[in-house]
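Analysis of the macromolecular model
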Amino acid sequence: MQKDLLLIIDMQNIYTTGQEWACLDAEGAADRLNRIIDSGKCENVIFTRFLAAKEPEGVWKDYNVKYANINADTWGNEMMSQFSEALKKYPLYTKSVYSSLTIPEVLEACKKADRVIVGGVVAECCVIATVWALIDAGIKTVYLTDGVSGFDRAKEDATELTLSGLCPLHVEMMTVEDYLGE
């Protein structure tokens, strides 16, 4: 049996409907990712979140100035309530750059998995940065097309198109339903 790790990237309140950085279907993606968690198919689940660095370097300084209001939004930076039960059981790691693999514990766990199943937000930002890092690390990756959400359909589609060029060797594309075999 394959040992999969479910990596859930940045499912924070700021990406929910009505928020400044609302993604197209963050709540729907959260519900579908919870179906995987509830199924027990992935024994290992890791959550990551993005919080701005307190002492940023380079262009991250400009980022902190431009998005100071979002960085200061405590509720916006909290994880979505849909994951409150799962977060009692599985670890949450914080990063201050786009790729989740910059977190040593996440990278190590991903290297131990047969495959990393990827979901979260933002498709065209933190998710794709993480997928590129997984590929560069030689880790087989499954991109959940309906477990990921971006700012709009065109950007989600462009992300999928970009990654499809790496199928099936480096990355597989599938829906949550396909992954669960439903």
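For the structure, check the block above.
These notes cover the structure that comes with them.

The rules behind these values
Residues numbered from 1 in each chain as written. Predicted model: local features only at pLDDT ≥ 70, side-chain atom pairs only at ≥ 80, totals over all residues. Heavy atoms only, no water. Helix = DSSP H or I, 4+ residues; strand = E, 2+ residues; numbered from the N terminus. Rg over C-alpha atoms; globule rule 2.2 N^0.38 Å. Buried < 20%, exposed > 50% of the residue type's maximum accessible area, 1.4 Å probe, protein only. Contact = heavy atoms within 4.5 Å. Lys, Arg positive; Asp, Glu negative; His and termini not counted. Charge placed at Lys NZ, Arg CZ, Asp CG, Glu CD. Expected span 1.5 Å × (residues − 1). Arc of directions from axis to C-beta. Phe/Tyr/Trp six-rings, centres within 6.5 Å; stacked < 30°, edge-to-face > 60°. Lys NZ or Arg CZ within 6 Å of the ring centre and 35° of its normal. Core = buried A, V, L, I, M, F, W, Y, C linked by side-chain atoms within 4.5 Å.

1. With respect to the overall build of the chain
Each helix and strand in the chain was counted, giving nine helices and six strands. The C-alpha atoms of the chain give 15 Å as radius of gyration, which agrees with the globular expectation for 182 residues (16 Å, within 12%). The dimensions of the chain, computed from C-alpha atoms along their principal axes, are 45 × 35 × 30 Å. The proportion of buried residues among the 182 residues of the chain is 46%. At a minimum sequence separation of 6, the contacts of the chain that also span at least 24 residues come to 80%. Here the chain contributes 17 positively and 28 negatively charged side chains, and the mean placements of these two sets differ by 4 Å.

2. Some words on unusual backbone geometry
Here Val 121 and Val 122 are connected by a cis peptide whose omega angle stands at -10 degrees. Along the chain, Val 122 falls in the loop between strand E4 (115-121) and helix H7 (123-136).

3. What about the environment of Lys 54?
In this fold, Lys 54 is placed in the loop between strand E2 (44-50) and helix H2 (59-66). As a C-alpha pair, Lys 54 and Ser 96 span 42 residues in sequence and 8.9 Å in three-dimensional space.

4. Notes on helix H8 (residues 153-164)
For H8, with 12 residues, the first-to-last C-alpha span of 16 Å sits near the 16 Å given by 1.5 Å per residue. Buried residues of H8: Glu 156, Thr 159 and Leu 163, and no others. Buried residues along H8 cover an arc of 60 degrees about the axis, so they all sit on one side. Exposed residues lying more than 90 degrees from the buried face of H8 are Ala 154 and Leu 161.

5. Observations concerning the packing of aromatic side chains
Each aromatic ring pair is described using two quantities: the centre-to-centre distance and the angle formed by the ring planes. Tallying each qualifying case throughout the model produces nine aromatic pairs. Grouped by ring-pair contacts, the aromatic residues Tyr 15, Trp 21, Phe 50, Trp 60, Tyr 63, Tyr 67 and Tyr 98 constitute a single cluster. The side chain of Lys 41 reaches across the aromatic face of Tyr 179, ending 4.2 Å from its centre.

6. Points about the environment of Asp 62
Along the chain, Asp 62 falls in helix H2. Spatially, the C-alpha atoms of Asp 62 and Lys 112 are 36 Å apart, while their sequence positions differ by 50 residues.

7. Brief notes about the nonpolar core
Within the largest apolar cluster, 34 residues are counted, with the highest numbers of intra-cluster contacts made by Leu 6, Ile 8, Met 11, Ile 37, Phe 47, Phe 83 and Leu 144. Sort the elements by how many residues they give to this core and helix H1 (residues 26-39) lands first, with six residues. Not counting the four nearest positions on each side in its chain, Ile 8 is found in contact with Leu 33, Ile 37, Val 45, Ile 46, Phe 47, Thr 48, Phe 83 and Gly 119. Judged by nonpolar contacts, the second largest core, of 25 residues, contains Cys 110, Leu 134, Ile 139 and Val 148.

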